[in-house]
Amino acid sequence: MINLYGVELHKLEALMEAEGQKKYRATQLYTWMYEKKAQSFDQMTDISLSFRETLKEKYTLEIPKVHTRQVSTDGTIKLLLEMNDGSKVETVLMRYNYGNVACVSSQVGCEMGCSFCASGLTGKKRNLEVSEMVGEILCLNNELREEGNGERVSHIVLMGTGEPFDNYDNVMDFIRICNNQKGLSIGARHITVSTCGIVPGIKKYAREGLQTNLAISLHAPNDELRNSLMKINHTFPLSSIMEAVREYISIAGRRVTYEYVLIQDVNDSLGCAKELVDLVGDTEGYVNLIPYNETNLCNYKRSPQSRVYAFADYLNEHGVNTTIRKEFGSDIDAACGQLKAKIETK
Ligand code: SAH
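In this report, we go over the structure that sits alongside the text. (Residues numbered from 1 in each chain as written. Predicted model: local features only at pLDDT ≥ 70, side-chain atom pairs only at ≥ 80, totals over all residues. Heavy atoms only, no water.)

**Some thoughts on the sheet that holds strand β13 (residues 286–291)**
Working step 1: Judged by pairing direction, the sheet is mixed, and its 10 strands sit side by side in the order β3-β4-β5-β6-β9-β10-β11-β12-β13-β14 without closing on themselves. Edge positions in the sheet fall to β3 (65–71) and β14 (321–324), since each of these pairs with one other strand and no more. Looking at each pair of strands side by side, their axes are set apart by 20° on average, direction ignored.
Working step 2: Note that β3 and strand β4 (residues 77–82) share six bridges and pair antiparallel. (Pairing = 2+ DSSP bridges. Helix = DSSP H or I, 4+ residues; strand = E, 2+ residues; numbered from the N terminus. Axes fitted to C-alpha atoms, helices over the stretch in contact; angles between N-to-C directions.)

As structure tokens, then:
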């Protein structure tokens, strides 16, 4: 059985033609799935009964089950979703003033093994299917529909569990379904892929012809420090990442965002800030400083607020556009793999 939520529109057109149908059948199905929110083929009344039977034999319209739901006082919704094989995945909805941002997971677990990250500690179980990532958005949209304000997911960041470029092809199909006007209809500039620095992935992404965004998880301004935080840096050191970033900027014509988690006494000195300016200053990128979310799985501590501000001020004063990430859902387990970790260690 093929889950239709995992089939990108051009691929669906090819599938329909292989079924002896007209190409437009694919758009018709998309309209039922994404616009009219049909839950079964029986609802698709402008498709002939006999073809609906064929569809039922070969395709499904399954979405993940909501295993656990947490809603924060600030409106943040965190879902622990259960997939067909019992795998559990976190997805989060954050309410910014500019829209509803979904933080999407791309894998069950992660094998990048960053020393400060709760998601990486249990290793990777498997990649998520395209339909499962689309399912994350559909589940969040269902939550929003319950609220009855006519809202939906308007922005996507691939910053949940997993490394998007370690599941490259599925992530690209997911993005195309999100971005398609007949699909989830989310503007390309509202979609951000975040990577720990998989160089071949960055180079390939540069050539996709997408107007989506790229975020690079730097977290350290030199190889020695970065090696100690992110084991992927042994494979792709900073010089190779920066070379790929420059290539991305020139080919895709887009700026990048550098993410930098501030961990007390590890990477939050003004010396680090200076090195960071030297590293990225001439790329016209943005730095997004992330106050570290402490987890009981490792001993790192969050930098005090005064240091976060001092670090941000230094960068801004030296010509690097810097913002401090707004925090959501601190009263629930919204941060970085915490809900799944809690449920699974019970
Ligand atoms: N694998 C991708 C995307 C997933 S993580 C990547 O590395 O970019 C999204 C961001 O959250 C990354 O920048 C990651 O380093 C960061 N992160 C992980 N654990 C964190 C924690 N405990 N507190 C704050 N940020 C964290």
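**A look at the side chain of S119**
Working step 1: Along the polypeptide, S119 turns up in the loop between β7 (107–109) and β8 (124–127).
Working step 2: Side-chain polar atoms of S119 contact the side chain of T161, separated by 3.2 Å. (Polar contact = N/O pair within 3.5 Å; in protein donor to acceptor, adjacent residues only side chain to side chain.)

**What to know about the pairing of strand β10 (residues 191–195)**
Taken residue by residue, a regular strand's side chains alternate between the two faces of the sheet.
Working step 1: For β10, a buried count of five out of five residues is recorded, marking the element as mostly surrounded by other parts of the structure.
Working step 2: Looking at chain direction, strand β9 (residues 155–158) and β10 are connected through three bridges and run parallel. Counted as the bridge partner of L158 is V193 from β10.
Working step 3: With respect to chirality, the unit in which β9 leads through helix α5 (residues 168–179) into the neighbouring parallel β10 is right-handed. (Buried < 20%, exposed > 50% of the residue type's maximum accessible area, 1.4 Å probe, protein only. Right-handed = clockwise from strand over helix to strand, strands pointing away.)

**Quick look at the site of the ligand**
Working step 1: Around the ligand, 19 residues are found, and the nearest of them are G162, S194, S217, H219 and N293.
Working step 2: One nitrogen or oxygen atom from the side chain of E163 is found 3.0 Å from a nitrogen atom belonging to the ligand.
Working step 3: E259 places a side-chain nitrogen or oxygen 3.4 Å from an oxygen atom of the ligand.
Working step 4: Residue assignment for the shell around the ligand shows that the elements contributing at least two residues are β10 and β12 (256–262).
Working step 5: Within the shell around the ligand, the residues separate by chemical class into 10 nonpolar, seven polar and two charged. (Near = heavy atom within 4 Å. Nonpolar A, V, L, I, M, F, W, Y, C, P; charged D, E, K, R; others polar.)

**Thoughts on the nonpolar core**
Working step 1: Judged by nonpolar contacts, the single largest core of 104 residues is most densely connected at L29, F174, I175 and Y205.
Working step 2: Broken down by element, the residue count for this core peaks at eight residues, all from helix α4 (residues 130–147).
Working step 3: Aside from chain neighbours lying at most four places away, what touches L29 is L4, L12, M16, F41, M44, I47 and L55.
Working step 4: Among the nonpolar cores identified, the runner-up in size contains six residues, and V92, M94, V101 and V157 belong to it. (Core = buried A, V, L, I, M, F, W, Y, C linked by side-chain atoms within 4.5 Å. Contact = heavy atoms within 4.5 Å.)

**So, the packing of aromatic side chains**
Aromatic ring pairs are reported here in terms of the distance separating the ring centres and the angle at which the planes meet.
Working step 1: The full count for this structure, using the stated rule, is nine aromatic pairs.
Working step 2: Aromatic side chains F165 and Y168 sit 5.6 Å apart centroid to centroid with 40° between the ring planes, which places their arrangement in the tilted category.
Working step 3: We classify F165 as buried; its relative accessible area is 7%.
Working step 4: We classify Y168 as buried; its relative accessible area is 9%.
Working step 5: Aromatic ring contacts, followed pair by pair, group F165, Y168, Y205 and Y248 into a single cluster. (Phe/Tyr/Trp six-rings, centres within 6.5 Å; stacked < 30°, edge-to-face > 60°.)

**Regarding the side chain of S105**
Working step 1: By the element assignment, S105 lies in the loop between β6 (99–103) and β7.
Working step 2: From its side chain, S105 meets the backbone oxygen of E90 in a polar contact 2.6 Å long.
Working step 3: Beyond its immediate sequence surroundings of up to four residues, S105 is in contact with V89, E90, L128, M133, E136, G160 and T161.

**Topic: the packing of helix α6 (residues 199–206) against helix α9 (residues 238–252)**
Working step 1: Packing of α6 against α9 leaves a shortest axis separation of 8 Å and a crossing angle of 5°. It follows from the interaxial angle that α6 and α9 lie roughly parallel. For the pair α6 and α9, the contacting residues are V199, I202, K203, Y205 and A206 in the first and S240, I241, E243, A244, V245, E247, Y248, I251 and A252 in the second.
Working step 2: In terms of residue class, the contact of α6 with α9 is built from 10 nonpolar, one polar and three charged. (Parallel < 35°, antiparallel > 145°, perpendicular 65-115°, else oblique.)

**Thoughts on helix α10 (residues 270–280)**
Working step 1: Along α10, the residues that are buried comprise C272, A273, L276, V277, L279 and V280. Buried residues of α10 fall within an arc of 165° about the axis and therefore sit on the same side.
Working step 2: In this fold, the buried residues of α10 make contact with α7 (223–229), α9, β12, β13 and α11 (305–317). (Arc of directions from axis to C-beta.)

**Digging into the pairing of strand β11 (residues 213–217)**
Working step 1: Along β11, five of the five residues are buried, which leaves the element largely enclosed by surrounding structure.
Working step 2: Alternating positions in β11 separate into two faces, N213, A215 and S217 on one and L214 and I216 on the other, with burial throughout.
Working step 3: The sheet contact formed by β10 and β11 spans four bridges and is parallel. Note that in β11 the partner of T195 across the bridge is I216.
Working step 4: Regarding topology, α6 serves as the crossover connection from β10 to the parallel β11, and that connection is right-handed.
Working step 5: The sheet contact formed by β11 and β12 spans four bridges and is parallel. When the sheet's bridge partners are listed, S217 is paired in β12 with E259.

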